[in-house]
Amino acid sequence: MLTEVSAGPYTIRGVSVGGIYTSLSVPELDVIFDIGIAPRSFVGCENLLLSHGHADHIGALTALMGVRGLNKKGSPRVLLPAEIEADVRTALEALSRIQRFELVPNLVPVRPGDVHELYGDLCVRVFKTYHSVPSVGYQLFRRVKKLRAEFATLPGQEIARRREAGEDLFQVVERPEVAYATDTLIEALDREPSLYDSKVLVLECTFLDERKEKAHSRSRCHVHFDEILERAELFQNEHLVLMHFSQFYSPDEVRAILRQRAP
Ligand SMILES: [Zn+2]
Ligand SMILES: [Zn+2]
């Protein structure tokens, strides 16, 4: 039932149909993006990054937490737009009463521009997306040490010698790894151009051809494939993973349209 694609060092695994359900995991980074459905294999993952509160992205939060409860696990760390934190908490309290099993969430409210450390050198930056309800996207990056440019031409032995002598040769730089942008106008990319440089960009593409035109897509705050093609030269990503296709298209049709329009 789950689709899996390899994107460089990362696996993107999950299921996504616009308006129905979207939930993807990247096991190498221990993160889940959205929880519109709760596959059993996602239960061990410790970080859940929620884009917004539409049911196809958040509807299975209780199911995930319930199955984790069965496995004696508490809540994963759940990042979510700050505007919906209180309502999600209230909903989980009501569901706890209904099922007489307490769900204690670990909610981390976020706003565009926030940076949170996940573990080790892995961090996530929150960016603004443009939808009909409060929404955000997530850019995962690593903080890595890099030799300062002025030392780049030194031979290895000299670098080692200076390092031993205690000279500060390195600087910490951010290396964008995987970004996730869904349920948004395409302008989210233009206003956050670093997304075009992320090693992997997971991007919604709800509508694919002229049968649902760009104006229709924009009125629902979604990305149309036309808008991706218009920006084709901007995408410097090693892998662009498209998802959240409308149920208007069958999976075979999605592949055929993409092959035909972007050979
Ligand atoms: Zn959606
Ligand atoms: Zn939505």
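Just above, that's the structure.
Okay, so let's go over this structure.

Scoring rules and cut-offs
- Residues numbered from 1 in each chain as written.
- Chains lettered and ligands numbered in written order.
- Predicted model: local features only at pLDDT ≥ 70, side-chain atom pairs only at ≥ 80, totals over all residues.
- Heavy atoms only, no water.
- Helix = DSSP H or I, 4+ residues; strand = E, 2+ residues; numbered from the N terminus.
- Rg over C-alpha atoms; globule rule 2.2 N^0.38 Å.
- Buried < 20%, exposed > 50% of the residue type's maximum accessible area, 1.4 Å probe, protein only.
- Contact = heavy atoms within 4.5 Å.
- Areas by Shrake-Rupley, 256 points an atom, 1.4 Å probe, with all protein chains shown as cover.
- Lys, Arg positive; Asp, Glu negative; His and termini not counted.
- Charge placed at Lys NZ, Arg CZ, Asp CG, Glu CD.
- Donors = N, O, S within 2.8 Å, 3.2 Å for Na, K, Ca; no water.
- Tetrahedral: all angles 85-135°; square planar, octahedral: opposite > 155°, others 65-115°.
- Pairing = 2+ DSSP bridges.
- Axes fitted to C-alpha atoms, helices over the stretch in contact; angles between N-to-C directions.

**Things to note about the overall build of the chain**
(1) Moving on: Scanning the chain for helices and strands turns up eight helices and 13 strands.
(2) Moving on: Radius of gyration (C-alpha) of the chain: 20 Å, near the 18 Å computed for a compact globule of 263 residues.
(3) Moving on: If you line up the chain on its principal axes, its C-alpha atoms span 65 × 50 × 30 Å.
(4) Moving on: In the chain, which comprises 263 residues, the share counted as buried stands at 48%.
(5) Moving on: Excluding contacts between residues fewer than 6 apart, the proportion of contacts in the chain whose partners are at least 24 apart in sequence is 56%.
(6) Moving on: Here the chain displays about 13100 Å² of accessible surface, and carbon together with sulfur accounts for 50% of that area.
(7) Moving on: On the chain, the mean spot of the 32 positive side-chain charges and the mean spot of the 37 negative ones are 4 Å from each other.

**Things to note about the coordination of the zinc ion (ligand 1)**
(1) Moving on: Looking at the metal site, the zinc ion (ligand 1) is ligated by Asp56 (OD), His57 (NE2), Asp183 (OD) and His244 (NE2), spaced 2.1 to 2.4 Å from it.
(2) Moving on: Classification of the site at the zinc ion (ligand 1) rests on its four donor atoms, whose angles at the metal span 89 to 150°, yielding the label irregular.
(3) Moving on: In primary-sequence terms, the residues that donate to the zinc ion (ligand 1) follow D-H-x125-D-x60-H.
(4) Moving on: Here the zinc ion (ligand 1) and the zinc ion (ligand 2) are spaced 3.7 Å apart, and both take Asp183 as a donor. Highlighted residues: His57 in helix α1 (residues 55-58) and His244 in the loop between β13 (239-243) and α8 (251-261), separated in sequence by 187 residues. Neither His57 nor His244 differs from the other in exposure class; each is buried.

**Things to note about the sheet that holds strand β5 (residues 47-49)**
(1) Moving on: Spatially, the seven strands line up as an open sheet ordered β1-β2-β3-β4-β5-β6-β7, and their pairing is mixed. Edge positions in the sheet fall to β1 (3-7) and β7 (106-110), since each of these pairs with one other strand and no more. Each neighbouring strand pair of the sheet contributes to a mean axis angle of 20°, computed without reference to strand direction.
(2) Moving on: Relative to β5, strand β4 (residues 31-33) runs parallel, the two being bridged by three bridges. Opposite Ile32, over in β5, you have Leu48 as the bridge partner.
(3) Moving on: Docked against the sheet, helix α3 (residues 85-99) engages β6 (77-81) and β7, running at close to 160° with respect to β7.

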